[in-house]
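# Inside the fold
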Amino acid sequence: MLYARLDELRQEKEGQLAQVRSTGAVGTMQNISERDAFATMYEDRLAQLNAVDDRLVFGRLDLDSGECRYIGRLGLINDERQRLMLDWRAPEAGVFYQATAFERRGVRRRRHLMLRRREVQGIEDEVLDADLLRETEENHGDGALLAALTARRTGRMGDIVATIQAEQDRIIRAPLAGVMVVQGGPGTGKTAVALHRAAYLLYSHRERLKSAGVLIVGPGSTFMSYIERVLPSLGETGVVMSSLAELYPGVQAVEEPDPQVAELKGRLDMVDVIAAAVEHRRRTISAPRKVCVEGVEVKVTPKMIARAQERARATSKPYNEARTTFVKSMVREIAEKLERILAKRSEGNEADRSYLAEDVRSSRDVRVLLNLCWMPRSAQQLLSDLWSKPEYLAAAAPQLNERERALLRRDADAPFTVSDAPLLDEAAELLGDLDESAGREEARQQAQRRRDLENAEKALENTYFQLEDIGVDGVVSAEDVVALNAESGQRLTAAERARVDRTWTYGHVVVDEAQELSPMQWHVLMRRCPMKSFTVVGDIAQGASASAASSWSEAMEPFTGGRMRVEELTVNYRTPRRIVDLAESVAAANGLSITSLQTVREGDHVPTVRQIAEDEQLPVETVRAVEQELTRLGEGLVAAIVPHRLLMQTQAALREVYGDRVGTGAGSLAQDIVVLPADEAKGLEFDAVVVVEPAELLDEASGRVGSLYVALTRPTHALHVLAVRDLPAGF
């Protein structure tokens, strides 16, 4: 019945969209706005209906009142406005996750429906009312949660909407305002909680968040590929997802090879270094200089330069925009001097000399001098100069010693790194737009936008009753209509506009694996959300980067002033107890402070730890270990987590046996055998994991045990460890 209604709605929206599109761009501007408003609404609704086809419904509540409520990925009503299914985010659906036998909340029975696409694979009933147990003997299934936990991994993260637990639900439905930190050890579902919270906030605060958007930030491209399908499956497609490498639009940063350099660039004093580097681009002259304008020499003095620069600074505009004031002031002063010179040469001649300003502006000598004193600069040019010119860095960063400045040195054409992204953003903030006409154009666009918004609001007033009749009033805002009628003719959602606009400010920001962020990365993210509405998830114990903080207060204090709330996830759903015991033993023996977690499963397989005689045997033994795990599991996803130096050898050895089934890096999660370094495994999960040379993984992280702890806690079923060197303490 529910799927039939979903198909009806799809067919209805497809027909309505086709009809609207067939009208073409005819009629008044108001008619066109109304047509585009409807087209947007139908397209968005179709995208939502198509995204929830797989496992549309997953729960049913049998209430004391005799009512049955179905719980699913979105809300459905029939033509008579009767409610067929509740959206899982609706307040009335909360009891599906919160009701217990001790506090039933009016629920007699909670039914879990386990579907694969549209097929029911299993049913589990949780009877909360003891009287119902006497009335029926039905109690199907082995447990929805256990079934989800033991299911084979696919290389893509699945949603947990059907099996959200009470402590997770409390965090997902927490108030929007403020900074909430979610501390959770391996396997506690913190990433899933963060994504479901984003979907819940978009549902509960749609009016505020639809226009401003939600930003989700993760550690790297592999991780972002892993989670990218979760939100669409929950009915949300308008979220901006960005890795740390993509924080600065237009620059695809590479990994920072040296942890010491990453730590230096991540310090908060880099704000002062970038500010000094920008200021250093303004220069003066030590003595008067002559410039030639149409054959006439004019003397420019240091005082003239200083006066013009002072006027420009007084505007408080960013560097490139303030330069316009400097240029105007200098052109005016030079033109006035030139006019006096010409007036002396031709006394009594009252000819119009208004053209002199343009002659001054066109003079090559003047342009060279003005660029020397105030050169326009892009963020990329500024940072490239800073790292490639030792004298420039020394002037901008006197607080760094010679060794630290030498570490930062790089060629001018070297690619920007992940650690450079927040510095580019800071430089862009101080430099402003490189286009000198940007200020005037922006003012014109703002005035036009105000007029467009007024027109759009009037158009929506006319469509209000039609939208209300089909139950989607409020879906389209005046801002949406203005975006539809932009001159480019291209329809951009808030998420699409935000993705390419560095200055965009979001309504909420979700940060995953947040323990890895440097102070500079936090500085940039705080600018992206001035309201400081954040969901921050991570595990301090898993910190492996050079900038990783030792506590959440240390990481967040400079930006929140202590105004944050910390929630903790205490149950490890992913990793069996037998593997957790080993991982916690290694962590404790190497000085890593962790909170021991409850685990849901004991596990069927004891971890295998093998010592290998020679280093050259490691790739061959890794193939053998992968083969053993594939045989033991029957099917599933197996990862080899190896040191960087063994990546290519291990991949080649596995491909000799398994061919295209083997992948590495960001694009490989659809394959069932994956080769990864430890720093890319964070946040991922596999059926079985082969960890190669744990002592070397420790060395790669400069002795920080976080990366090794991460590697050991990725499997959902089996762990295999291979080592030539002595095993670290705790094994």
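Quick caveat: nothing in here was measured; it's all calculated off a predicted structure.

In this section: the overall build of the chain. Each helix and strand in the chain was counted, giving 30 helices and 22 strands. Evaluated residue by residue, the chain yields a buried proportion of 52% over its 731 residues. For the chain, restricting intrachain contacts to residue pairs at least 6 apart in sequence, the fraction spanning at least 24 positions comes to 73%. As presented, the chain carries roughly 33000 Å² of accessible surface, and 49% of it is formed by carbon and sulfur atoms.

It is worth spelling out the pairing of strand β10 (residues 289–293) at this point. Inspection of the sheet shows β10 paired to strand β11 (residues 296–300) by 5 bridges, in the antiparallel sense. Residue pairing in the sheet places Arg289 in a bridge with Val300 of β11. Count of turn residues in the β10/β11 antiparallel hairpin: 2 residues, of which Glu294 carries a positive phi of about 50°.

On the secondary structure map, Ser363 appears in the loop between α15 (356–362) and α16 (364–373). Judged by its relative accessible area of 6%, Ser363 is buried. With 70 residues separating them in the primary sequence, Ser363 and Val293 have C-alpha atoms 5.6 Å apart. Filtering out sequence-adjacent residues up to four positions away, Ser363 remains in contact with Cys292 and Val293. Side-chain polar atoms of Ser363 contact the backbone oxygen of Cys292, separated by 2.8 Å.

Summarising the model, the chain shows a mean pLDDT of 83, and 82% of its residues fall at 70 or more. In this model, residues 437–441 is a region of pLDDT below 50 whose contacts with residues beyond four sequence positions or in other chains number 1 contact.

Now for the packing of helix α14 (residues 319–345) against α16. Following both chains from N to C, one finds α14 and α16 inclined at 140°, their axes separated by 11 Å at the closest point. Taken together, the axes of α14 and α16 are oblique relative to one another. As α14 runs across α16, the sense of the crossing is right-handed. Here α14 contributes Arg323, Phe326, Val327, Met330 and Ile334 to the contact with α16, which in turn contributes Val366, Leu370, Asn371 and Cys373. Broken down by class, the residue content of the contact of α14 with α16 amounts to 7 nonpolar, 1 polar and 1 charged.

Further remarks concern the packing of aromatic side chains. Taken as a whole, this structure holds 4 aromatic pairs when the rule is applied. With 5.5 Å between their ring centres and 40° between their planes, Tyr319 and Trp374 make a pair best called tilted. With Tyr319 in helix α14 and Trp374 in the loop between α16 and α17 (379–388), the pair connects residues that are 55 residues apart, well separated along the chain. Each member of the pair, Tyr319 as well as Trp374, is classed as buried. An aromatic cluster of three or more residues is present, and its members are Phe58, Phe96 and Tyr97. Across from the ring centre of Tyr392, 4.3 Å away, lies the NZ or CZ of Arg281, which sits over that ring.

Sheet architecture is open: 6 strands sit in the order β9-β8-β12-β13-β7-β14, paired in parallel fashion. Whereas interior strands pair on both sides, the edge strands pair on one side only; in this sheet they are β9 (240–243) and β14 (565–569). Between one strand axis and the next, the sheet turns by 15° as a mean value, whatever way the strands run. The sheet contact formed by strand β8 (residues 214–218) and strand β12 (residues 508–511) spans 4 bridges and is parallel. The partner of Leu215 across the bridge, within β12, is Val509. The sheet contacts of helix α25 (residues 552–560) involve β7 (179–184) and β13 (534–538), and relative to β7 the element is tilted by about 170°.

Before going further, it helps to spend a moment on the sheet that holds strand β17 (residues 608–611). The 6 strands lie next to each other as β17-β22-β21-β18-β20-β19, forming an open sheet whose pairing is parallel. The open sheet is flanked by β17 and β19 (662–664), the only strands paired with a single partner. When the angles between neighbouring strand axes are averaged without regard to direction, this sheet yields 20°. Two elements, strand β18 (residues 638–641) and strand β20 (residues 673–676), share 4 bridges in a ladder whose sense is parallel. In the sheet register, Val638 faces β20, and the bridge partner there is Ile673. The sheet contacts of helix α28 (residues 647–658) involve β18, β19 and β20, and relative to β19 the element is tilted by about 160°.

This next bit is on a negative patch on the surface. A cluster of acidic residues, Glu255, Asp679, Glu680 and Glu700, forms a negative patch at the surface. Assessed through its relative accessible area of 60%, Glu255 is described here as exposed.

Its location among the elements puts Gln183 in strand β7. A polar atom in the side chain of Gln183 sits 2.7 Å from the side chain of Asp539. Sequence-distant contacts of Gln183, defined by excluding residues within four places in its chain, comprise Gly538, Asp539, Ile540, Trp552, Glu567, Glu568 and Leu569.

Ranked by internal contacts, the top residues of the largest apolar core, which has 85 residues, are Phe326, Met330, Leu386, Trp522, Leu525, Phe534 and Val536. Dropping the residues within four chain positions of it, Trp522 is found in contact with Val511, Ala514, Leu517, Phe534, Val536, Ala555, Met556 and Phe559. Counting residues in hydrophobic clusters, the runner-up holds 36 residues, among them Tyr97, Ile171, Val193 and Leu569.

A separate point is the side chain of Lys13. Residue placement: Lys13 occurs in helix α1 (residues 2–22). Overall, the relative accessible area of 5% leaves Lys13 in the buried class. Among the polar contacts made by the side chain of Lys13, one reaches the side chain of Gln16 at a distance of 3.2 Å.

Further remarks concern helix α13 (residues 302–314). If you check α13, its first and last C-alpha atoms are 18 Å apart, about what 13 residues at 1.5 Å a residue would give, namely 18 Å. Count one or two residues on from α13 and you reach Ser316, which has phi positive near 60°.

Moving on: the pairing of β8. Each regular strand carries side chains that alternate between the two faces of the sheet. Summarising burial for β8: 5 of the 5 residues are buried, a large majority. The side-chain alternation of β8 yields two buried faces, one formed by Val214, Ile216 and Gly218 and the other by Leu215 and Val217.

Bringing unusual backbone geometry into the picture now. One non-glycine residue, Arg117, lies in positive phi territory at about 55°. As for its placement among the helices and strands, Arg117 is situated in the loop between β5 (107–116) and β6 (119–127). Overall, the relative accessible area of 57% leaves Arg117 in the exposed class. Within the chain, Glu513 stands out as a residue other than glycine whose phi angle is a positive 50°. You can see Glu513 is positioned in the loop between β12 and α24 (519–528). Judged by its relative accessible area of 2%, Glu513 is buried.

On to the packing of helix α12 (residues 270–280) against helix α20 (residues 421–431). Relative to each other, α12 and α20 sit at 45°, their axes nearing to 10 Å. One way to sum up the angle between α12 and α20 is to call them oblique. Considering the relative orientation of α12 and α20, their crossing is right-handed. Contact with α12, carried on its side by Met270, Val271, Ile274, Ala275 and Val278, involves Leu423, Glu426, Ala427, Leu430 and Leu431 of α20 and no other residues of that element. When its residues are assigned to classes, the contact of α12 with α20 shows 9 nonpolar, no polar and 1 charged.

Definitions and cut-offs
- Residues numbered from 1 in each chain as written.
- Predicted model: local features only at pLDDT ≥ 70, side-chain atom pairs only at ≥ 80, totals over all residues.
- Heavy atoms only, no water.
- Helix = DSSP H or I, 4+ residues; strand = E, 2+ residues; numbered from the N terminus.
- Buried < 20%, exposed > 50% of the residue type's maximum accessible area, 1.4 Å probe, protein only.
- Contact = heavy atoms within 4.5 Å.
- Areas by Shrake-Rupley, 256 points an atom, 1.4 Å probe, with all protein chains shown as cover.
- Pairing = 2+ DSSP bridges.
- Polar contact = N/O pair within 3.5 Å; in protein donor to acceptor, adjacent residues only side chain to side chain.
- pLDDT = per-residue confidence, 0-100.
- Axes fitted to C-alpha atoms, helices over the stretch in contact; angles between N-to-C directions.
- Parallel < 35°, antiparallel > 145°, perpendicular 65-115°, else oblique.
- Left-handed = near helix turned anticlockwise from the far one by under 90°.
- Nonpolar A, V, L, I, M, F, W, Y, C, P; charged D, E, K, R; others polar.
- Phe/Tyr/Trp six-rings, centres within 6.5 Å; stacked < 30°, edge-to-face > 60°.
- Lys NZ or Arg CZ within 6 Å of the ring centre and 35° of its normal.
- Patch = residues over 30% accessible without salt bridge, like charges linked within 9 Å, V, L, I, M, F, W, Y side chains within 5 Å.
- Salt bridge = Lys/Arg side-chain N within 4 Å of Asp/Glu carboxyl O.
- Lys, Arg positive; Asp, Glu negative; His and termini not counted.
- Charge placed at Lys NZ, Arg CZ, Asp CG, Glu CD.
- Core = buried A, V, L, I, M, F, W, Y, C linked by side-chain atoms within 4.5 Å.
- Expected span 1.5 Å × (residues − 1).

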